[in-house]
Amino acid sequence: MQQRNDPARAGALPPRRSVAARLTELALRPEASVFFVAVVLVIYFELTANNFLTDANLQTLSQFVAAPVILACGEIMLLICREIDLSVGQVFALAPFIMEKAYNAGLPVVGAIVAALIVCAMVGLVIGLITVHLNVPSFITTLGMFFLITGITLTISRGFPADTPGNGLLNAILGGWGYAEFLWALALVALMHVVLRHTRWGLHTIATGGNAIAAAEAGINIDRIKIGNFIITSTLGGFCGILEAFRIGSTDPLAGGSNIMFLGVASGVIGGTAIAGGAGTIIGGLIGGIVLGILQDGFTLQGINAFMFDIIIGGAILLAMIANIQLARHRGMRPQ
Amino acid sequence: MTAPQAQPQPQPRGPEALRAEGIVKRFGSVEALGGVGMQVAAGEMLGILGDNGAGKSTLLKILTGFHQPDAGTIYVHGQHQTLNTVDRARALGIECVYQDLALVNGLSIYHNMFLNRELLKPGPFRLLDHRAMRERAMDALADIGVNIPNVNLEVGRLSGGQRQAIAVARAVHSDAKILLLDEPLAAMGAREAGQIIALIERLKARGDIAIVMIAHNYAQTLEVCDRVMLMQHGSVTYESHAAETSPAELLEIVRREYREMRGG
């Protein structure tokens, strides 16, 4: 319960740091602890379930991990600027149906994908405009969107699954090949990591969540930042749904949903993103998603039942949050 | 309402940097400023005193382009200007250090110093040039005598005085010609306040910067400022060269005002 800051620690470090100091700093990074957990879990499952590190299982694992990680890339940006999108799993389900409609209307596959992504971006834009300009908390805006988009998807699909269009190499690249979706996830992680750490957009996202008044006084358009991140999240969600459609070969109107959305948020949070905003890491979200995947996959191999799995995931999220807040105090950074 | 008292207007010394005339600002039915004027010259420091709610911060936020006045005109270096955004005011060399310290705790010192004015690497991707920002931030801090060896530190780890110094350094290093300080000494111990005052005096000594400081403390303000201005209920009620007035005189004016308000 001690929440005081230690002023003695607030002194400056020397500019040239020793190897030990650099290692300590690395070990205190929010991603480091969850990376350590991932390594321990791999060793544990490889020892106890002897078919863990096989090609077939790694492919299964990579497919489980890909979607939460892609969704996490968007949710992390939103969490950093103190927003959340509960409807991204719904956009995930909607996008393949828009793609199918556009394809059947005569567009080529790539054109149909672009059309679907534009619709997803528009969903993000609407969420952003309602949240920012009508002052509705994003939790509520996206809760409304959650039901609204579910209804739209069920209506345009009439409740029936749709076949994924196209064939051949394009389909393999877009998710047909076993590792394709995971490679897309890695590419998007790399892209969003650069956006967050090496562009003005990322820096302004952190500033918006860390101190909105300060950001506004510095001349940053925080409304634009938030709306943009809603658009990014919805578009990533839709793209992820499309990849999944190409992997499976058809799309169910009840795909995605709250389960995949919460796995995305959980990946980000386990990876060290502060739910209170102002701090977060995309790489952490990748590792967080991998940890969730290893847990599910590993316990499945061991034959632990699905009810038990939810208990473990719940415990993992709680432990990760406690660890993050405690470590944040050691880093001398207030967790808000 | 207060009738502004007829005071002899003390004239600024150097070339005029900033002048505002007849500034009115309403928030709904509340009139925060009822026709306020002020001016400050390069190399000069103006102190604005007054109680909470006197309109000091509102005036400051109009001069930075954060709020727009409902009436009144602003001249920057003699030219009539409309300060409709913070960016516009900045482009004219007006920089403000806000009371709530416009720093982001989770970002490093150098990111804060370049917030919304980031240096980018050449090339089509518009990536941040972290190294250049780090080096320029170090130079800027050394230039105004602020001793912070590591600009990678998160601002949240610094003391109040260090944070204030970073905020001032940020304003100055971006070539501010008009520096607005909102209660720079508030919530600060005597030693830290002394360091900030020394920093402000070094800036004043450069001679090219006009400084406007908002403050509560009469003695401190008269000590560091060339001129002072007293604001009450959205109006300027008194103006004087710092050397020609005293805390006691200012206090007497405020006291008289309270008596009038109580109908005594």
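Given the structure is predicted, the values throughout are model-derived calculations rather than measurements.

About the criteria used
- Residues numbered from 1 in each chain as written.
- Chains lettered and ligands numbered in written order.
- Predicted model: local features only at pLDDT ≥ 70, side-chain atom pairs only at ≥ 80, totals over all residues.
- Heavy atoms only, no water.
- Salt bridge = Lys/Arg side-chain N within 4 Å of Asp/Glu carboxyl O.
- Buried < 20%, exposed > 50% of the residue type's maximum accessible area, 1.4 Å probe, protein only.
- Helix = DSSP H or I, 4+ residues; strand = E, 2+ residues; numbered from the N terminus.
- Contact = heavy atoms within 4.5 Å.
- Disulfide = S-S within 2.5 Å.
- 1 Å grid on protein atoms, 1.4 Å probe; cavity = no way out; pocket = protein on both sides within 12 Å on 5 of 7 lines; lining within 4 Å.
- Points joined across faces, edges and corners; volume = space filled by probe spheres on them.
- Nonpolar A, V, L, I, M, F, W, Y, C, P; charged D, E, K, R; others polar.
- Pairing = 2+ DSSP bridges.
- Axes fitted to C-alpha atoms, helices over the stretch in contact; angles between N-to-C directions.
- Core = buried A, V, L, I, M, F, W, Y, C linked by side-chain atoms within 4.5 Å.
- pLDDT = per-residue confidence, 0-100.

J.: Teacher, can you tell me more about the pattern of salt bridges here?
T.: One side chain can pair with another of opposite charge once the charged atoms of both are near each other. All chains considered together, the criterion is met by 16 salt bridges over all chains. As a salt-bridge pair, glutamate 21 of chain B and arginine 19 of chain B come within 2.3 Å of each other at their nearest N and O atoms. For glutamate 21 of chain B, a relative accessible area of 34% corresponds to the partly exposed category. Taking relative accessible area as the criterion, arginine 19 of chain B reaches 24% and is therefore assigned partly exposed. Here lysine 177 of chain B and aspartate 208 of chain B are joined by a salt bridge, their closest N and O atoms 3.6 Å apart. With lysine 177 of chain B in the loop between α5 (160-173) and β7 (178-182) and aspartate 208 of chain B in the loop between α6 (190-205) and β8 (210-215), this pair connects stretches of sequence that are 31 residues apart. Look at aspartate 208 of chain B and you get partly exposed, because its relative accessible area is 30%. Shared partners join several salt bridges into a network, and the residues in it are Glu181, Glu244 and Arg247 of chain A.

J.: What should I look at first to understand helix α9 (residues 200-210) of chain A in this one?
T.: Every α-helical turn comprises 3.6 residues, leaving residues that sit three or four positions apart pointing alike. Across the 11 residues that make up α9 of chain A, a large majority, 8, are buried. Buried within α9 of chain A are the following residues: Gly202, Leu203, His204, Thr205, Ile206, Ala207, Thr208 and Gly209 of chain A. Elements in contact with the buried residues of α9 of chain A: α3 (55-80), α8 (180-198), α10 (212-217) and α11 (222-248) of chain A together with α3 (109-113) of chain B.

J.: Got a minute to help me understand the state of the cysteines in this structure?
T.: Counted under the stated rule, the structure contains 0 disulfides over all chains. Cysteine 240 of chain A supplies the cysteine sulfur nearest to cysteine 120 of chain A, a cysteine that is in no disulfide, at a spacing of 11 Å. Free of any disulfide, cysteine 225 of chain B has its nearest cysteine sulfur in cysteine 96 of chain B, 15 Å distant. Under the relative-accessibility criterion, cysteine 225 of chain B is labelled buried at 5%.

J.: Please clarify how empty space enclosed by the protein should be interpreted in this entry.
T.: Where empty space is left becomes clear once a probe the size of a water molecule has been rolled over the atoms. Summed over the entire model, instances satisfying the criterion amount to 2 cavities of 30 Å³ or more. Considered as a void within the structure, the largest cavity measures approximately 140 Å³ in volume. Taken together, 15 residues make up the lining of the largest cavity; nearest its centre are Glu217 of chain A together with Arg90, Glu95, Cys96 and Tyr98 of chain B. Elements supplying a minimum of two residues to the lining of the largest cavity: α2 (86-91), β6 (94-97) and α5 of chain B. Top contributing element to the lining of the largest cavity by residue count: β6 of chain B, with 4 residues. Considered class by class, the residues forming the lining of the largest cavity number 9 nonpolar, 1 polar and 5 charged.

J.: Sorry if this is basic, but what is going on with unusual backbone geometry here?
T.: Note: most peptide bonds trans; most residues except glycine with negative phi. All names here are of chain B. In this structure, histidine 77 takes a positive phi of about 50° despite not being glycine. Positionally, histidine 77 belongs in the loop between β4 (71-76) and β5 (79-81). With a relative accessible area of 43%, histidine 77 lands in the partly exposed category. Positive phi is not limited to glycine here, since glutamate 183 has a value of about 45°. Here glutamate 183 lies in the loop between β7 and α6. When its relative accessible area of 9% is taken as the criterion, glutamate 183 is described as buried.

J.: Could you clarify how one ought to interpret the sheet that holds β6 of chain B in this entry?
T.: Strand pairing in a sheet relies on backbone hydrogen bonds. The paired strands run either parallel or antiparallel. Residue and element names in this part refer to chain B. Judged by pairing direction, the sheet is mixed, and its 6 strands sit side by side in the order β6-β7-β8-β3-β9-β10 without closing on themselves. What marks the edges here is a single partner per strand, and that holds for β6 and β10 (235-241). Taken over all neighbouring pairs, the strand axes of this sheet differ in orientation by 20° on average, direction set aside. Across 5 bridges, β7 lies against β8 in parallel orientation. In the strand pairing of β8, isoleucine 178 is matched with alanine 210. Here α5 sits on the sheet in contact with β6 and β7, set at roughly 175° to β6. Running over the sheet, α6 touches β3 (45-50), β7 and β8 and is turned about 155° from β8.

J.: How should I be thinking about the nonpolar core in this particular structure?
T.: The nonpolar side chains of a soluble globular protein tend to be buried, and buried together. In this structure, Leu18, Met38 and Ile109 of chain B are the most contacted members of the largest nonpolar core, which totals 171 residues. Looking at which element gives the most residues to this core, the answer is α3 of chain A, with 14 residues. Setting aside its immediate chain neighbours within four residues, leucine 18 of chain B contacts Met38, Gln39, Val40, Leu63, Ile74, Tyr75, Val76, Ile94, Ile178 and Leu180 of chain B.

J.: What's the story with the environment of arginine 158 of chain A in this structure? I'm lost.
T.: Residue and element names in this part refer to chain A. Structurally, arginine 158 is set in the loop between α6 (138-157) and β1 (162-163). When its relative accessible area of 68% is taken as the criterion, arginine 158 is described as exposed. A sequence separation of 95 residues divides arginine 158 from proline 253, and the C-alpha atoms of the two residues are 8.7 Å apart.

J.: Explain the confidence of the model for chain A to me, please; I cannot follow it from the model alone.
T.: Do not read the fine detail of predicted coordinates wherever pLDDT is low. Residues and elements named next belong to chain A. Of all residues in chain A, 91% attain a pLDDT of 70 or more, and the chain-wide mean is 87. The lowest-confidence element of chain A is helix α14 (residues 306-330), averaging 75 in pLDDT; the highest-confidence one is helix α5 (residues 109-133), averaging 97. This stretch, residues 1-15, has a pLDDT under 50; its non-local contacts, to residues over four places away or in other chains, come to 15 contacts.

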